[in-house]
Amino acid sequence: MAFVCVQNAGRSQMAAAFAERERDRRGVGDQITIVTGGTQPADHVHEIVVEAMRERDIDLSDRTPREVTPDELQAVDIVVTMGCSASDVCPATWNGENRDWGLDDPHERPIEQVREIRDEIEERIVSLFDELLSQTPSAE
C-alpha cells in the first residue's frame with residue numbers, strides 16, 4: 001500500500017507511520033509493504049506534525065519527504081491519497097485501487113487541528129487494516 005500526497009510532509013507521513021505500527025501490531029510484515037511519497041516533496045516533515053505524532057509515541061523527526069515513483073506505485077495494490085487526486089500520481093497503466101481520504105493539510109494549522117487530522121488518519125488506518133485483513137484467506 002502507498003500513502004501519497006503532494007509534499008509528503010504531513011498527512012502521508014502520519015498515515016505511513018500509523019500503517020507501519022499497525023502492520024507490526026498485527027504481525028503481518030510479510031504480507032504488507034508500505035510506501036510513502038509525494039509528487040513535489042518538501043524539504044522536511046512539518047514540525048507541527050512531528051510534535052503531534054510524538055504525542056502518540058511515534059518519532060517522525062528523522063524522516064525525509066521523498067518523491068514517489070511510478071514503479072513503486074505499480075508494485076502496490078492500493079494507493080491512498082490524502083486529499084489530492086491520484087490522477088497525477090498513478091501511472092496510466094496502473095490497475096490497482098485508489099482511495100482519496102480528503103483530509104485537511106496540517107501545514108500551518110494549530111496543534112489542536114493537527115491532532116484532529118492525526119486522530120482521523122489513525123482511525124482510517126485501523127479500519128483499512130481491518131478491511132484488508134478480513135479479505136485475506138487464513139492459512140488454516
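Rules and cut-offs
Residues numbered from 1 in each chain as written. Predicted model: local features only at pLDDT ≥ 70, side-chain atom pairs only at ≥ 80, totals over all residues. Heavy atoms only, no water. Salt bridge = Lys/Arg side-chain N within 4 Å of Asp/Glu carboxyl O. Helix = DSSP H or I, 4+ residues; strand = E, 2+ residues; numbered from the N terminus. Axes fitted to C-alpha atoms, helices over the stretch in contact; angles between N-to-C directions. Left-handed = near helix turned anticlockwise from the far one by under 90°. Contact = heavy atoms within 4.5 Å. Expected span 1.5 Å × (residues − 1). Buried < 20%, exposed > 50% of the residue type's maximum accessible area, 1.4 Å probe, protein only. Phe/Tyr/Trp six-rings, centres within 6.5 Å; stacked < 30°, edge-to-face > 60°. Pairing = 2+ DSSP bridges.

- In the nomenclature of an unreviewed UniProt entry, the chain is known as Low molecular weight phosphatase family protein of Halorubrum trueperi.

### Observations regarding the pattern of salt bridges
Then comes step 1: Summed over all chains, the structure comprises 14 salt bridges.
Then comes step 2: Notably, a salt bridge pairs Asp 119 with Arg 56, separated by 2.7 Å at the nearest N-O pair. Highlighted residues: Asp 119 in helix 4 (residues 111-135) and Arg 56 in the loop between helix 2 (47-54) and helix 3 (70-74), separated in sequence by 63 residues.
Then comes step 3: Each of Arg 21, Glu 55, Arg 56, Arg 115, Arg 118, Asp 119 and Glu 122 takes part in salt bridges that share partners, so that together they form one network.

### Some remarks on the packing of helix 2 against helix 4
Then comes step 1: For the pair helix 2 and helix 4, interaxial distance at closest approach is 10 Å and the crossing angle is 65°. In the packing of helix 2 onto helix 4, the handedness of the crossing is right-handed. Facing helix 2, whose interface residues are Ile 48, Val 49, Glu 51, Ala 52 and Met 53, helix 4 presents Ile 111, Val 114 and Arg 118.

### Some details on helix 1 (residues 11-26)
Then comes step 1: The first and last C-alpha atoms of helix 1 sit 22 Å apart over 16 residues, in line with the 22 Å expected at 1.5 Å per residue.
Then comes step 2: With respect to burial, helix 1 is a largely interior element, 12 of its 16 residues being buried.
Then comes step 3: The complete set of buried residues in helix 1 reads Arg 11, Ser 12, Gln 13, Met 14, Ala 15, Ala 16, Ala 17, Phe 18, Ala 19, Arg 21, Glu 22 and Arg 23.
Then comes step 4: Considering only its buried residues, helix 1 is in contact with strand 1 (2-5), strand 2 (35-38), helix 2 and helix 4.

### A look at the packing of aromatic side chains
What describes a pair of aromatic rings is the distance from one ring centre to the other and the angle between the planes of the rings.
Then comes step 1: Tallying each qualifying case throughout the model produces one aromatic pair.
Then comes step 2: Residues Phe 3 and Trp 101 carry aromatic rings whose centres are separated by 6.2 Å and whose planes lie at 55° to one another, so their mutual orientation is tilted. Of this pair, Phe 3 sits in strand 1 while Trp 101 sits in the loop between strand 4 (97-100) and helix 4, placing them 98 residues apart in sequence.
Then comes step 3: Judged by relative accessible area, which is 0%, Phe 3 ranks as buried.

### Some thoughts on the pairing of strand 3 (residues 78-81)
Then comes step 1: Alternating positions in strand 3 separate into two faces, Ile 78 and Val 80 on one and Val 79 and Thr 81 on the other, with burial throughout.
Then comes step 2: Of the strand pairs in this sheet, strand 1 and strand 3 are connected by three bridges, and their pairing is parallel. Each residue of the ladder has a partner; that of Ala 2, found in strand 3, is Val 79.
Then comes step 3: Strand direction decides the pairing type here: strand 3 and strand 4, joined by four bridges, are parallel. Bridge pairing links Ile 78 to Glu 97 in strand 4.

### So, the sheet that holds strand 1
Then comes step 1: Here we have four strands laid out as an open sheet, ordered 2-1-3-4, and parallel in their pairing. Of all strands in the sheet, those bounded by a partner on one side alone are strand 2 and strand 4. Strand-to-strand twist in this sheet, taken as the mean axis angle between neighbours without regard to direction, amounts to 20°.
Then comes step 2: Pairing analysis gives four bridges linking strand 1 to strand 2, with the strands arranged parallel. Note on strand 2: the bridge partner recorded for Phe 3 is Thr 36.
Then comes step 3: Of the strands in this sheet, strand 1 and strand 2 touch helix 1, which is tilted by about 165° from strand 1.

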